[in-house]
Amino acid sequence: MNKSEIKPYERQSNYYETDQMGIVHHTNYFRYFEEARMDLMRQVGCSALTLENLGIIIPNVDAYAKYLRLLKFEDSFTIIVKPVLFTGVRMKFEYEVMRDGEVCCTGYTTHCFVDRNMKPLILKRTHPEVYEMLSQVFAD
């Protein structure tokens, strides 16, 4: 599967995600990023559970968000995930949170690959089939 076949992630904000003013709390955007990234990984056949069953863990090593417009309780929104960097040692995704055609938040996360003992992995050596699969997703 290539980037053009990946469907955006869609959801609605929940009451518990809002603050006293009814606005989605800023920390939830990182959760949204993760949900959207996990959805993308499932779509390409490389879910977190699949990776973990292979002994591959993908911790987050860097995260950033820029807030442009508010999301409120029960707002429906879409997250576009863009795979932008893959080296076989780390990968990076960019995100756009969209509501009614407007960008509400942008951001990125960077991840590395480690085993269950937190020892870094070089996927090309340790898991060439996963390396090839992810290379295809990030190649376009």
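Numbers given to residues run from 1 along each chain, matching the order in which its sequence is written. Totals for whole chains, interfaces and linings use every residue, but because this is a predicted model, local features are given only for residues with pLDDT of at least 70 and side-chain atom pairs only at 80 or more, for both listing and counting. Each side-chain value is worked out from all heavy atoms of the structure, with water and hydrogens disregarded.

## A short note on the overall build of the chain
Counting its regular elements, the chain contains four helices and five strands. What counts as a helix is a DSSP run of H or I of at least four residues, what counts as a strand is a run of E of at least two, and both are numbered from the N terminus. When the helices and strands of the chain are read in sequence order from the N terminus, they spell out β-α-α-β-β-β-β-α-α. Our radius of gyration is a C-alpha quantity, and the globule rule it is checked against amounts to 2.2 Å times the number of residues to the power 0.38. Expected size for 140 residues packed as a compact globule is a radius of gyration near 14 Å; at 16 Å, the chain falls within 12% of this value. Whether two residues touch is decided by their heavy atoms; if any such pair falls within 4.5 Å, the residues are in contact. Look at the contacts in the chain between residues 6 or more apart in sequence, and 67% of them connect residues 24 or more apart. What sets the accessible areas is the Shrake-Rupley method with a 1.4 Å probe; for residues, cover comes only from the shown protein chains. Here the chain displays about 8000 Å² of accessible surface, and carbon together with sulfur accounts for 50% of that area. Averaging the coordinates of the 17 positive side-chain charges in the chain and doing the same for the 19 negative ones gives two points 6 Å apart. Positive charges come from Lys and Arg, negative ones from Asp and Glu, while His and the chain ends are left out of the count. To locate a charge, the coordinates of NZ of Lys, CZ of Arg, CG of Asp or CD of Glu are taken.

## Points about unusual backbone geometry
Positive phi, close to 70°, is recorded for Glu-74, a residue that is not glycine. The topology assignment puts Glu-74 in the loop between β2 (60-67) and β3 (76-86). A positive phi angle, near 65°, is found at Met-118, a position not held by glycine. Positionally, Met-118 belongs in the loop between β5 (102-112) and α3 (123-126).

## A few points about the environment of Gln-136
Mapping Gln-136 onto the fold places it in helix α4 (residues 128-139). Sequence separation of Gln-136 and Glu-96 is 40 residues, and the distance between their C-alpha atoms is 22 Å.

## Digging into the pairing of strand β4 (residues 90-99)
Note on pairing: DSSP must find at least two bridges between two strands before they are called paired. Pairing geometry for β3 and β4, over eight bridges, is antiparallel. What sits directly across from Val-81, in β4, is Tyr-95. A loop of three residues connects β3 with β4, the two strands running antiparallel in sequence, and Gly-88 in this loop sits at a positive phi of about 90°. Bridge count for β4 against β5 is 10 bridges, and the pairing is antiparallel. Pairing of Arg-99 across the sheet is with Glu-102, part of β5. Between β4 and β5, which pair antiparallel and follow one another directly, the connecting turn spans two residues, one of which, Asp-100, has a positive phi of 55°.

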